[in-house]
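# Observations on the three-dimensional arrangement
One-letter residues, chain by chain:
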Amino acid sequence: MRRKQGIALVTALVLMMVLVAVIAILSVDTLSEIRQNKNNLLSSRARNVAEAGATYAGYVLDTQLFSVLQPIVNGYATSFIVGGGDPTSDYVIPESAWGTVASQITNELNTNYASLPASQLAGVGSASLSYDVRNFRIASMPTAGGGGQFQTYTAEYKVIATGTSGNGKRRIQEEGFLTVKLGRASLSQWLFLVEDAGGDQGFFPTGSVFDGPVHANSNWGFWGTPVFRGRITASDGGAWFWDIFNSCNDGLGYRRFLNAGSRPPCTEPVFDQGYDWNAPRVELPTNALSQERAALGLDPTEDNNGDGIPDPVTNSDRCAVLGISPCIGANPIPDGVYLINDGSRVTGGIYIEGNVDELLVAAGGDGTQTYRITQGGNTWTILVDYNTDTTTITDPSGNATNLLGVPNGPAPLGTGGPTGQIYVNGVIDALRAPDRTGPVPTDSPDHPPPSTIPPALSLETQLNITAVGGIGLFTDLVYECDPTQMTNGSYLASHPRCASASGPLRTVLGVFSETDDITIRVGAVDDIYLWGSFLSAANGKGLAVENYNTRGPQGKMRLFGGLIQWQDQLRGVIGGGGSISSGYLETFEYDRRFENSRLTPPNFPTTRVFQLNDVEVKRLTYKEF
């Protein structure tokens, strides 16, 4: 019996030892799995963090690279023009500087965008980024005789995003190339640009709003609390601050030029982004494009003597394009409307010789655009059909001519193709859109405009209207699709053609008087909506309001786009209590598509100075390691 008990005890001890060994083995395996799981978790987190870093790097390249490049590139571009370079044969950025430019871009990116802090990653890790830009070089240049509008450069880039979470570390590498486009700066990039703001004669009062880049070379004037959402600059040493109701009680009189930002309590402008007096001048330059050449289907930049100014159009040029023979006398072109074509296809824009009584611009809402031109009792109607890519012109006798192609939209310079240009060798007494279909409440929002305002420009239309003389305005000028509403689902649901637009909205209008004012005439609508970029840069000229001081109050002038003028004109009178007693109160809202000349009206006047126009990022490879 004792022997059996001894055997049982030994057996129990062996079993206990085996059990302990099994438990030990299981414990080791469990700890190993825990460690492995922890490592896997940290590695997974590190990979996720690296992906977040790569996403951030993509955001930097897509949205911040332009601002990084702008001061680097523009310095070379300005020196190039001052030095008299020819962009058809000389590099805007010299070859000797290509390596320096690549290094500058690399350094700026690594200095300012090299990390994604843990606070932005929910505390699970951090991401560091390394940028490398190399092989900066020329990609394309304009052809000789093409006016030198654009040069394109390219470079290769590599970004490595390193994600760290605990002991885990993963990397993601992206490679591709950059395309850098340099071109002449369009004046449409300004919300408000003026040589003389006229501040010693008038002022921007309470109720005036500017939402974009504004600059006056001289003579800003303010009263009350006008609002400037963007930075305001001037090239002289201050501004005029007015006290029209003797409410300041500071003994400075009804106006005083001050190197200051306010004159409390009577005049305290709101400068959301600050102000800068004594800023560099912004010249209203000699036009580097010929709108007449564009309308005739000729190269608007042709510059055979290399002075940066397009060659003038001769009577021989006009006669050859318009089919006038014999071409004799000082004024061989008969008054009338000419749709430039080769007999079967549109090959240019719309050329008008002589004064125009009325130019009606109307969007059909169905992919058509109508222009109706009245001159001396004669009327021409031009119907553009974007659906069929055809244009029909009907003359005063009712004869219709059908042509392939359309006179709207940009075309490669020098091709003689459609130019989106109407050119009037005279004045336009009335530039109109269709009349309103009903009243517009005074408290209507700026966007979208009331449905009772018919659009002037179809979704597909890109147009510049240029007159040698003055231009009169009577009606609203708005687009079929509101650029500010293109991400508004309810708006797009009620505007299906706008919803069907692919890519960024390209509808745009330019209105340019070469020698005179653009004038809102007596009889114009109240609370007028004006969309586009308006330019009147001749000495002393600008956007005027006829009989501004005797026509009675007409609410707001709501300009959406930009205004460039030599001298700001008086457009309204402030009455008792600060309300408008005659003319218009003004709001100026910037069309963000105009920033840095990324979108411009066709053939809109440009400076001679090159600047950075666009940067494109092309991604090629993406790998994790």
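In case you missed it, the structure is sitting above this.
Residues numbered from 1 in each chain as written. Predicted model: local features only at pLDDT ≥ 70, side-chain atom pairs only at ≥ 80, totals over all residues. Heavy atoms only, no water.

The next point concerns the sheet that holds strand E12 (residues 255-258). Backbone-to-backbone hydrogen bonds pair the strands of a sheet. The strands run either parallel or antiparallel. If you walk across this open sheet you meet the three strands as E8-E11-E12, and the pairing is mixed. This sheet does not close on itself; its edge strands, each paired only once, are strand E8 (221-222) and E12. Relative to E12, strand E11 (residues 239-242) runs antiparallel, the two sharing four bridges. Its bridge partner lying in E12, Phe241 is registered against Arg256. (Pairing = 2+ DSSP bridges. Helix = DSSP H or I, 4+ residues; strand = E, 2+ residues; numbered from the N terminus.)

In the structure shown here, the tally under the stated rule is three disulfides. Through a disulfide, Cys319 is tied to Cys327; the S-S separation comes to 2.1 Å. The sign of the 75° torsion about the S-S bond sets the Cys319-Cys327 disulfide as right-handed. Classification of Cys319 by relative accessible area gives buried; the value is 5%. The exposure class of Cys327 is partly exposed, given its relative accessible area of 32%. Across the disulfide, Cys481 is cross-linked to Cys498 (sulfur-sulfur distance 2.1 Å). Disulfide Cys481-Cys498: the torsion about the S-S bond is -95°, which places it as left-handed. Of the two residues, Cys481 is situated in the loop between strand E25 (471-473) and helix H5 (489-494) and Cys498 in helix H6 (residues 496-499); the sequence distance between them amounts to 17 residues. Comparing Cys481 with Cys498, the two get one shared label, buried. (Disulfide = S-S within 2.5 Å. Buried < 20%, exposed > 50% of the residue type's maximum accessible area, 1.4 Å probe, protein only.)

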